[in-house]
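Overview (structure and organization)
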There are 2 protein chains.
Amino acid sequence: MRNTVQRDLIYKVVCDSSDHPAAETVYSRVRAVMPNISLGTVYRNLKLLVSLGKIREIPLASGGSRFDKTVMAHAHFRCRLCGEVTDAELGSVDALADALRRASGNEPESTEIMFTGVCRKCVGKENKAV
Amino acid sequence: MRNTVQRDLIYKVVCDSSDHPAAETVYSRVRAVMPNISLGTVYRNLKLLVSLGKIREIPLASGGSRFDKTVMAHAHFRCRLCGEVTDAELGSVDALADALRRASGNEPESTEIMFTGVCRKCVGKENKAV
DNA sequence: GATTTAATAGTAATAGTTACTGATAGCAAT
DNA sequence: ATTGCTATCAGTAACTATTACTATTAAATC
């Protein structure tokens, strides 16, 4: 596999982002540095980086995915009012995968936990937004 | 909200399915009974049933969603070789949501856990399929 | 049964993503 | 350094899953 400035930049942008950007968001951030990079290149490399285990993909029920620099098994919280995705710090995520392995004989390689609800900032806004 | 035979049938099909069907799969099963039902009707009612909390949506990183009769917080395992989605029986799922609530102040309403890996049946098939 | 209007069938449109094609550039061997 | 090979690129077309639109149908109420 060849090193390319495009791939390095895409990886750097994801690593420098703490807000779990969508592919289009990565694209616009990358274009700020390299204006004529192609959207297809962004998608191709995001997918490649995911398959290499260098970044993580978080699929959303609302359609589309978000990308994350963290590869360790961990959990996310998504507010159904403001849409923000944040990390949920939980100590026992790896323990779950172990429990599954023992109980089922299946071999989990990655664990993705998504909580959906109302975030601290949006509690009380229910009637306005929904 | 009115009762419609279409919605009742869509709900029944999801409840009678134990394989976590995609929307298109629900559509084809529903059409076996009601041949001229519209795909839009299936999507609209799946979404409605999800928002009513009667069924559950499982978004996949590979694109699209699967639907599930079970509403309780629970976990799934998806084999990256055969693509099958099965339930992962774990006792401690609700405890995770409680831990999040206490730790962050966010208010989780649903918890979705997705394990990805190689299922028991596909262990050893690695070289053929990937 | 007549009225009201939510829900439908059928189709067009959209969003997110992937595939295609000719051009470019990273790497290896000269 | 130059050449050759080909992975990767930019740009664009195509595709898939989903949603929106519109005229029509049928549940619920009167």
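First things first, this report covers the structure right here in the doc.

Parameters and conventions
Residues numbered from 1 in each chain as written. Chains lettered and ligands numbered in written order. Predicted model: local features only at pLDDT ≥ 70, side-chain atom pairs only at ≥ 80, totals over all residues. Heavy atoms only, no water. Near = heavy atom within 4 Å. Polar contact = N/O pair within 3.5 Å; in protein donor to acceptor, adjacent residues only side chain to side chain. Nonpolar A, V, L, I, M, F, W, Y, C, P; charged D, E, K, R; others polar. Pairing = 2+ DSSP bridges. Helix = DSSP H or I, 4+ residues; strand = E, 2+ residues; numbered from the N terminus. Axes fitted to C-alpha atoms, helices over the stretch in contact; angles between N-to-C directions. Contact = heavy atoms within 4.5 Å.

Neighbouring residues of DNA strand D: 19 residues in total, closest A:Arg2, A:Thr4, A:Thr41, A:Arg44 and B:Tyr43. Each atom of DNA strand D within 4 Å of the protein was assigned to sugar, phosphate or base; sugar and phosphate come to 71%. Note that a phosphate oxygen of DNA strand D is positioned 2.9 Å from one of the side-chain N or O atoms of A:Thr4. Measuring from a phosphate oxygen of DNA strand D, one finds a backbone N or O atom of B:Asn3 at 3.1 Å. Split by residue class, the surface near DNA strand D holds five nonpolar, nine polar and five charged.

The strand order 4(A)-3(A)-5(A)-5(B)-3(B)-4(B) describes an open sheet built from six strands, whose pairing is mixed. Where the open sheet ends on each side, the last strands, each with one partner, are strand 4 (85-88) of chain A together with strand 4 (85-88) of chain B. When the angles between neighbouring strand axes are averaged without regard to direction, this sheet yields 30°. Bridge count between strand 3 (residues 74-79) of chain B and strand 4 of chain B: four bridges; the pairing is antiparallel. By the bridge assignment for strand 4 of chain B, B:His76 is matched with B:Asp87. On top of the sheet, helix 4 (residues 93-104) of chain A reaches strand 3 (74-79) and strand 5 (107-118) of chain A together with strand 3, strand 4 and strand 5 (107-118) of chain B; it is set at about 125° to strand 5 of chain A, its chief contact. Sheet strands touched by helix 4 (residues 93-104) of chain B: strand 3, strand 4 and strand 5 of chain A together with strand 3 and strand 5 of chain B. Its angle to strand 5 of chain B, the strand with the most contacts, is close to 125°.

Turning our attention to the protein's contact with DNA strand C. In the vicinity of DNA strand C there are 19 residues, among which A:Arg2, A:Tyr43, B:Arg2, B:Thr41 and B:Arg44 approach most closely. For DNA strand C, the fraction of atoms within 4 Å of the protein that belong to sugar or phosphate moieties is 71%. In the environment of DNA strand C, a phosphate oxygen lies 2.9 Å from a nitrogen or oxygen atom belonging to the side chain of B:Thr4. Those elements that provide at least two residues to the surface near DNA strand C are helix 3 (39-51) of chain A together with helix 1 (5-16) and helix 3 (39-51) of chain B. Of the residues assigned to the surface near DNA strand C, the class counts are five nonpolar, nine polar and five charged.

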